[in-house]
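# Inside the fold
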Amino acid sequence: MESNSTGSLNTGGSDKKDSNQPDHSECLKLLHLVLDDEATAEQKDYFDKHVCNCMPYYEIYHVDKAIKSLVKNTCCGKNVPADLADAIKEQIFRGTDKA
Amino acid sequence: MSDSQRQNYSQKEKESIFDKEFLPHIGPMYNFAYRLTFDDDDAKDLVQDTYLKAYRFITSFEQGTNAKAWLFRIMKNSFINDFRKKSKQPAKVDYQEVETFYNSDDVDKAITTDLRVETVQDMIGDEISNALNSLDVDFRTVIILCDLEGFKYDEMAKILDIPIGTVRSRLHRARNLLKEKLSDYANKMGYKN
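Counting starts from 1 at the beginning of each chain's written sequence and moves along it residue by residue. Written order decides the labels, with chains lettered from A and ligands numbered from 1. Two thresholds apply to this predicted model, a pLDDT of at least 70 for residue-level local features and 80 or more for giving and counting side-chain atom pairs, whereas whole-chain, interface and lining totals are computed over all residues.

## Side note on the overall build of chain A
To keep things clear, this is the line we draw: Comment: elements are numbered from the N terminus, with helices defined as DSSP H or I runs of at least four residues and strands as E runs of at least two. We call two residues in contact when the distance between their C-beta atoms, placed using the backbone, is within 7 Å.
The helix and strand inventory of chain A stands at 4 helices and 0 strands. Secondary structure elements in chain A, listed N-terminal to C-terminal, are α-α-α-α. In chain A, once contacts between residues fewer than 6 apart in sequence are set aside, the share between residues at least 24 apart is 50%.

The following block contains the structure:
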């Protein structure tokens, strides 16, 4: 499972000044996991705590979320030609009859 | 799939699987085909071709498994093998650049955006649709699979035949490109950021 690649959060590494300060690059990796509902509970918790205290990430997360929602709502509505399903079935099962 | 894994369906079972498990996905399939080809006739041909292949190889499909993902995988391969060759698409994306994205300094650049939630919400569907359509097909595809169709990363990896890490980095890059397009549009139209 992909979430495992960041599942063990690196919150206490030697490069951190303070273990209570979230790592920005870690949060960036988590942002899309959270957005796509792929994050573990631990990852989501870590991300939520960070977003609450970080204005740039708060903005980015909500912009990304708004775009994702708009993409879903505006790019789905291509109507299927009415005769397409019948044409496909006709072609397939006519072929089957011949076989 | 080895011969031992192939299903042994009767004619009646094949028709039932086709009607109950394959055909209900014709809407998303057509939408995906249209977003790949941008042409009604080509989209119809691509959907038709995909369903013909699905039926031809129906013994490789295990009843009750994810038919939608299976069909999308066939369509993606059909598009790459047949349609993309015909349409003389521009050169492919440099994936090396994409795959190393997370390890580069560009990661830091990605935390800045001049787009605001209100600006995005003010946009009408055409802007989003045009921005999505203007992306390279490989970037467009990951956004369609994830955001429109709701596939999980592991399903996308199987559909696209790429590792999950690549799915994630490609999706990340695709979203940043989409945001850049929307941001350009917002600036051009005088939206207040």
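So, next bit.
## Side note on the packing of helix α1 (residues 24-35) of chain A against helix α3 (residues 55-74) of chain A
Residue and element names in this part refer to chain A. Using the following cut-off: Lines fitted to the C-alpha atoms define the axes, with helices restricted to the stretch that makes contact. Angles between their N-to-C directions range from 0 to 180 degrees. Here the word oblique covers every angle except those under 35 degrees (roughly parallel), over 145 (roughly antiparallel) and from 65 to 115 (roughly perpendicular). Two helices cross in a left-handed way if the nearer one is turned anticlockwise from the farther one by less than a right angle. They cross in a right-handed way if the turn is clockwise. Gly is placed with the polar residues, together with every amino acid not listed as nonpolar (Ala, Val, Leu, Ile, Met, Phe, Trp, Tyr, Cys and Pro) or charged (Asp, Glu, Lys and Arg).
One way to put it is that α1 packs onto α3 with a least axis distance of 11 Å and a crossing angle of 30°. Classed by the angle they form, the pair α1 and α3 counts as roughly parallel. Here α1 and α3 pass one another in a crossing that is right-handed. Contacts between α1 and α3 involve Cys27, Leu31 and Leu35 from the first element and Tyr57, Ile60, Tyr61, Asp64, Lys65 and Lys68 from the second. Of the residues in the contact of α1 with α3, the class split is 6 nonpolar, no polar and 3 charged.

## Remarks on the interface of chain A and chain B
Opposite the 33 residues of chain A that make contact, chain B presents 44 residues. Among the elements of the structure, α1, α3 and α4 (84-98) of chain A are those that each provide at least two residues to the side of chain A that touches chain B. For the side of chain A that touches chain B, the element with the most residues is α3(A), which contributes 13 residues.

## As for the domain arrangement of chain B
Residue and element names in this part refer to chain B. Here is the rule: The split of the chain into domains comes from an automatic or database domain assignment.
Partitioning chain B into structural domains gives domain 1 (3-87) and domain 2 (95-188). With 10 residues of domain 1 in contact, the opposing surface of domain 2 contributes 10 residues. Here the residues of the side of domain 1 that touches domain 2 sort into 6 nonpolar, 1 polar and 3 charged.

## Looking at helix α2 (residues 41-52) of chain A
All names here are of chain A. This is how it is decided: Given the number of residues in a helix, its expected span is that number minus one, multiplied by 1.5 Å. Any residue surrounded by 20 or more other C-beta atoms within 10 Å of its C-beta is treated as buried, while 12 or fewer makes it exposed and the intermediate range makes it partly exposed; C-beta atoms here are placed from the backbone. Read the arc as the range of directions from the helix axis to the C-beta atoms.
Taking 1.5 Å as the rise per residue, α2 with 12 residues should run 16 Å; its terminal C-alpha atoms sit 16 Å apart, in good agreement. Among the residues of α2, those classed as buried are Gln43, Tyr46, Phe47, His50 and Val51. Down the axis of α2, the smallest arc covering the buried residues is 130°, so these residues share one side. Residues of α2 that are exposed and point more than 90 degrees away from the buried face comprise Ala41, Asp45 and Cys52. For α2, the secondary structure elements touched by its buried residues are α1 and α3.

## Remarks on unusual backbone geometry
Working note: non-glycine residues mostly have negative phi, and peptide bonds are mostly trans. One non-glycine residue, A:Asp37, lies in positive phi territory at about 60°. Along the polypeptide, A:Asp37 turns up in the loop between α1 and α2. A residue is classified by how many C-beta atoms lie within 10 Å of it, and A:Asp37, with 9 of them, is exposed. Despite not being glycine, B:Asp161 shows a phi value in the positive range, around 60°. We classify B:Asp161 as exposed; it has 11 C-beta atoms within 10 Å.

## Quick notes on the nonpolar core
Residues and elements named next belong to chain B. Filter applied, for reference: Linking buried Ala, Val, Leu, Ile, Met, Phe, Trp, Tyr and Cys residues through C-beta atoms within 7 Å yields a set, and such a set is a nonpolar core.
In terms of nonpolar packing, the biggest core is built from 69 residues, with Ala33, Leu71, Met75, Val142, Ile143 and Met156 touching the most fellow members. Considering every element that reaches this core, the biggest residue donor is helix α4 (residues 67-87), with 8 residues. Mapped onto the domain boundaries, this core takes at least three residues apiece from domain 1 (3-87) and domain 2 (95-188). With residues up to four places along the chain from it excluded, the contact list for Val142 reads Met156, Val167, Arg170, Leu171 and Ala174.

## Here's the deal with helix α2 (residues 26-37) of chain B
Residue and element names in this part refer to chain B. An ideal rise of 1.5 Å per residue puts 16 Å on 12 residues; α2 measures up with 16 Å between its terminal C-alpha atoms. Residues of α2 that are buried: Pro28, Met29, Tyr30, Asn31, Phe32, Ala33, Tyr34, Arg35, Leu36 and Thr37. Once α2 ends, the next one or two residues include Phe38, with phi positive near 60°.

## Digging into the environment of B:Asn133
Of note, B:Asn133 is situated in helix α8 (residues 125-133). Residues B:Asn133 and B:Arg35, 98 residues apart in the sequence, show an inter-C-alpha distance of 7.0 Å.

## Some words on the packing of α2(B) against helix α3 (residues 40-56) of chain B
Residue and element names in this part refer to chain B. Where α2 contacts α3, the two axes come as close as 8 Å, and the packing angle between them is 130°. Relative to α3, the element α2 is oriented oblique. Here α2 runs over α3; the crossing is right-handed. Counting all contacts with α2, which are made through Ile26, Met29, Tyr30, Ala33, Tyr34, Leu36 and Thr37, the residues of α3 involved are Asp42, Ala43, Leu46, Val47 and Thr50.

## A few points about the confidence of the model for chain A
Residue and element names in this part refer to chain A. The following threshold applies: Values of pLDDT, the confidence the predictor places in each residue, fall between 0 and 100.
Scored by pLDDT, chain A comes out at a mean of 77, with 72% of its residues at no less than 70. Looking over chain A, one finds the lowest element-wise mean pLDDT in α4, namely 81, and the highest in α2, namely 89. Between residues 10-17, whose pLDDT stays under 50, and residues either more than four places distant or in other chains, the model counts 6 contacts.

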